[in-house]
Amino acid sequence: MAALGWLTPRRRSATARSVLAGEASAEAARKTAQAREADAGPPAEPEETAGRTAGAAAEEAEPAEPEFPVAGDDLAAAFFDLDNTVMQGAAIFHFGRGLYKREFFHRRELARFAWQQAWFRLAGVEDPEHMQDARDSALSIVKGHKVSELMSIGEEIYDEYMAERIWPGTRALAQAHLDAGQKVWLVTAAPVETATIIARRLGLTGALGTVAESVDGIYTGRLVGEPLHGPAKAEAVRALAAAEGLDLERCAAYSDSHNDIPMLSLVGHPYAINPDTKLRKHARAHDWRLRDYRTGRKAVKVGVPAAAGVGAIAGGAAAAIALHRRRK
């Protein structure tokens, strides 16, 4: 990506930087998805996982009422948060762990990544200071490296640390949208390159993520706008929807965090997945659908895609096994 530092002076307001980050992310997402379609033809089949099996089995389940997602609705799409919604933990922390293994940085930085990841998994919510610190660390680490190099390493890191952390229930939800002929996008504060790898490996359309500035294929250590977090995610979804000709009232969005309320509020079908306390309260107050795969609890609203039911069982079983192992 060409240098865009002149677009992001410090005096710009947070709102303007959020818009810039969102628009840059939407542009990058569309270009990547279009290039993939041109190079590979039809979208690749998703890799076989428990989530994929759950989605296939759900085809025989009794459909939810009302039917959703609506098959053949090309004005609709689905937007999924990544951290603790699609995947247990935070992608950027797993990525940092993989970079440490490859000696991109030292033990002290790894200890900080490990502490932040442990806090995230125990609390189940994002700490803005932790997330900002992790992003600053990641930017300093990748500065001067080739984008192509980090993409190649990212593929390896996905296999090592991320593949087994995908929530089967959320995976089934995404597959339901794909089976209905809709595009499915990840929306995350993780680097867009990392998010794109995850989306491709899951068989999704593409990803909206934080765009790090690069010049001639080399990272500069700066961002375009700001991290794709909170309002910036909403701006990215808005920009992508406009470019794709989508009707946001017919779209769905899924997240675990109250930080994503701006994004969830944009669409006609918001879902709280593994919600933190604030999002659960907001979802109930606004009659949003909920689903928690950490405990296998049933949705409290009617209309969750049928695929979610099977996914919840798989997600709950995985949580029970993990708890049993910790107690042994």
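Analysis parameters
- Residue positions are given per chain, counted from 1 along the sequence in the order it is written.
- Owing to the predicted nature of the model, reporting of local features is limited to residues with pLDDT of at least 70; listing and counting of side-chain atom pairs is limited to 80 or more, with chain, interface and lining totals taken over all residues.
- With hydrogens and water set aside, each side-chain value is computed from the structure's full complement of heavy atoms.
- Labels follow the DSSP assignment, with helices taken as runs of H or I lasting at least four residues and strands as runs of E lasting at least two, numbered in each case from the N terminus.
- Between buried and exposed lies partly exposed: a residue is buried under 20% and exposed over 50% of the maximum accessible area for its type, with that area taken using a 1.4 Å probe on protein chains only.
- One requirement defines pairing of two strands: DSSP has to find at least two bridges between them.
- Only the contacting stretch of a helix is used when fitting its axis, a line to C-alpha atoms as for every element, and angles between N-to-C directions run 0 to 180 degrees.
- Only heavy atoms enter the contact rule, under which two residues are in contact if any of them lie within 4.5 Å.
- Residue types Ala, Val, Leu, Ile, Met, Phe, Trp, Tyr and Cys, when buried and joined through side-chain atoms within 4.5 Å, form a set referred to as a nonpolar core.
- In this analysis, rings of Phe, Tyr and Trp, with Trp reduced to its six-membered ring, are considered paired at centre separations within 6.5 Å, and the interplanar angle assigns stacked below 30 degrees, edge-to-face beyond 60, and tilted for intermediate values.
- By convention, a crossover is right-handed whenever its connection, traced from the first strand over the helix to the second and viewed with the strands pointing away, goes clockwise.

## Considerations on the environment of Trp-167
Along the chain, Trp-167 falls in the loop between helix 6 (147–162) and helix 7 (168–179). Taking the relative accessible area as the measure of exposure, Trp-167 reaches 7% and is therefore buried. Distance from Trp-167 to Arg-294, taken between C-alpha atoms, is 8.9 Å for residues 127 residues apart in sequence.

## A few points about the sheet that holds strand 2 (residues 183–191)
In space, the six strands of this open sheet follow the order 3-2-1-6-7-8, with parallel pairing throughout. The open sheet has two edge strands with one neighbour each: strand 3 (206–210) and strand 8 (289–291). Ignoring strand direction, the axes of neighbouring strands in this sheet form an average angle of 20°. Here strand 1 (residues 77–81) pairs with strand 6 (residues 252–255) via three bridges, running parallel. Counterpart to Phe-80 in the pairing with strand 6 is Tyr-254. Its contacts with the sheet place helix 7 against strand 1, strand 2, strand 6 and strand 7 (269–273), and it is angled at close to 160° to strand 1.

## Quick look at the nonpolar core
Of all hydrophobic cores here, the largest spans 42 residues; its most connected members are Phe-80, Leu-99, Met-162, Leu-186, Ile-198 and Tyr-254. The element best represented in this core is helix 6, accounting for seven residues. With residues up to four places along the chain from it excluded, the contact list for Met-162 reads Met-87, Ala-91, His-94, Phe-95, Ile-157, Thr-194 and Ile-198. Counting residues in each nonpolar core, the second largest holds 30 residues, with Ile-261, Leu-264, Leu-279 and Leu-290 among its members.

## A short note on the packing of aromatic side chains
Applying the stated rule across the entire model yields three aromatic pairs. Between Phe-80 and Tyr-254, the ring centres sit 4.1 Å apart and the planes meet at 5°, which makes this aromatic pair stacked. Pair noted here: Phe-80 is in strand 1 and Tyr-254 is in strand 6, with a separation of 174 residues, a long-range link. With a centroid separation of 4.5 Å and an interplanar angle of 15°, the aromatic rings of Tyr-254 and Tyr-271 are classed as stacked. Of this pair, Tyr-254 sits in strand 6 while Tyr-271 sits in strand 7, placing them 17 residues apart in sequence.

## Side note on the pairing of strand 7
Two faces make up the sheet, and in a regular strand the side chains alternate between them. Within strand 7, five of the five residues are buried, leaving the element largely enclosed by the surrounding structure. Neither face of strand 7 is exposed, since His-269, Tyr-271 and Ile-273 on one face and Pro-270 and Ala-272 on the opposite face are all buried. In this structure, strand 6 lies alongside strand 7, joined through four bridges in parallel fashion. Considered in strand 7, the bridge of Ser-255 is made with Ala-272. For the crossover that starts at strand 6, traverses helix 10 (residues 261–266) and ends in the parallel strand 7, the hand is right-handed. Relative to strand 8, strand 7 runs parallel, the two sharing three bridges. What sits directly across from Tyr-271, in strand 8, is Arg-289. Handedness of the crossover is the feature at issue here: the chain leaves strand 7, passes through helix 11 (residues 277–285), returns alongside strand 8, and the resulting connection is right-handed.

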